[in-house]
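Spelled out, the chains give:
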Amino acid sequence: MEIKKAAYVISNADYKACPAPDRPEFAFIGRSNVGKSSLINMLCKNNKLAKTSSAPGKTQLINHFEIESSNKSNQGFKKWYLVDLPGYGFAKVAQSSRRRWEQMIENYLRKRENLVNVFVLIDSRHQPQKIDLEFISQLDKWQIPFSLVFTKTDKEKPAVVANNIQAFFDTLRSTWQFLPQHFVTSAEKHQGRDEVLAFIQMKNESVA
């Protein structure tokens, strides 16, 4: 897949105000400061598409981007939505605001009818985090399709990254029969870009 065009469309605090569900949609979410905006920009080859910040909790709305892509042979174009969701975790916000975010995200995830897949970003520099495990467990209970994306692999030694990813799946194996699809990425080095885009293309073709 090659992305030909990526453009910001709209931001909303209510899934009902999102664009018409007339095309496939792929959402990205993760713990605050996991590198979500950097990953989105890397996938789209546009460093100004999603706003990056060193301050956790910068994304506070449901952000839609319209993507136009083609396959490797440039045979035909496909339009789909990429959605940047607010992060979860340690953002310094009032409890009332945090609960409002949580409700906004839950409503979107459970009620957005054209949502094809949720990419859950996991910081590969750390051992399994309870908040990440709880979030993907909730997605599983809601029967929402998702994949894992391990980020920031360039920020730590390869052996540490490999051990952390292995530990994450070892933790899942204690309660999960089937492990989710996963990708290993680095926004800095463009690692994993082709694999994530190929997965999106496969999903797009399956819902065509």
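About the criteria used
- Residues numbered from 1 in each chain as written.
- Predicted model: local features only at pLDDT ≥ 70, side-chain atom pairs only at ≥ 80, totals over all residues.
- Heavy atoms only, no water.
- pLDDT = per-residue confidence, 0-100.
- Contact = heavy atoms within 4.5 Å.
- Helix = DSSP H or I, 4+ residues; strand = E, 2+ residues; numbered from the N terminus.
- Buried < 20%, exposed > 50% of the residue type's maximum accessible area, 1.4 Å probe, protein only.
- Polar contact = N/O pair within 3.5 Å; in protein donor to acceptor, adjacent residues only side chain to side chain.
- Core = buried A, V, L, I, M, F, W, Y, C linked by side-chain atoms within 4.5 Å.
- Pairing = 2+ DSSP bridges.
- Axes fitted to C-alpha atoms, helices over the stretch in contact; angles between N-to-C directions.
- Salt bridge = Lys/Arg side-chain N within 4 Å of Asp/Glu carboxyl O.

A. Looking closely at the confidence of the model for the chain. Across the chain, pLDDT averages 90, with 89% of residues at or above 70. Within the model, the stretch residues 53–58 combines pLDDT values under 50 with ten contacts to residues more than four positions away or in other chains.

B. Inspection of the side chain of Ser-147 at higher detail. Tracing the chain through its elements places Ser-147 in strand E6 (residues 146–151). On the basis of relative accessibility, which here comes to 1%, the residue Ser-147 falls in the buried class. Among the polar contacts listed, one links the side chain of Ser-147 to the side chain of Asn-117, at a separation of 3.3 Å. In contact with Ser-147, not counting residues within four places along its chain, are Asn-117, Val-118, Phe-119, Val-120, Gln-181, Phe-183 and Phe-199.

C. Looking closely at the nonpolar core. Within the largest apolar cluster, 31 residues are counted, with the highest numbers of intra-cluster contacts made by Tyr-108, Leu-109, Val-118, Val-120 and Leu-148. Secondary-structure elements contributing two or more residues to this core are strand E2 (25–30), helix H2 (95–111), strand E5 (115–123), helix H3 (130–141), E6 and helix H4 (158–173). Sequence-distant contacts of Leu-148, that is, excluding residues within four places in its chain, are made with Val-120, Ile-122, Ile-136, Phe-168, Phe-169, Leu-172, Pro-180, Gln-181, His-182 and Phe-183. Counting 26 residues, the second-largest nonpolar core is a separate cluster that includes Ala-6, Phe-28, Leu-39 and Trp-80.

D. Looking closely at the sheet that holds strand E4 (residues 77–84). Ordered by their spatial adjacency, seven strands build an open sheet running E1-E3-E4-E2-E5-E6-E7, and the pairing between neighbours is mixed. Because the sheet does not close on itself, it has two edges, and the strands there are strand E1 (2–12) and strand E7 (182–184). For this sheet, the mean inter-axis angle between neighbouring strands, taken without regard to orientation, is 25°. Sheet strands in contact with helix H1 (residues 36–44) are E1, E2, strand E3 (62–70), E4, E5 and E6, and its direction is about 145° off that of E2. Running at roughly 150° to E6, H4 makes contact with E5, E6 and E7 of the sheet.

E. Seen up close, the pattern of salt bridges. Going through the model one piece at a time under the given rule, you end up with eleven salt bridges. Note that Arg-112 is salt-bridged to Glu-25, the shortest N-O span being 2.8 Å. You can see Arg-112 sitting in the loop between H2 and E5 and its partner Glu-25 sitting in strand E2, a full 87 residues away along the chain. Given the relative accessible area of 0%, Glu-25 is considered buried. Close ionic contact of Asp-154 with Lys-155 constitutes a salt bridge, the shortest N to O distance being 3.5 Å. For Asp-154, a relative accessible area of 24% corresponds to the partly exposed category. The class for Lys-155 is partly exposed, based on a relative accessible area of 47%. One network of salt bridges, in which partners are shared, links Asp-22, Arg-23 and Glu-66.

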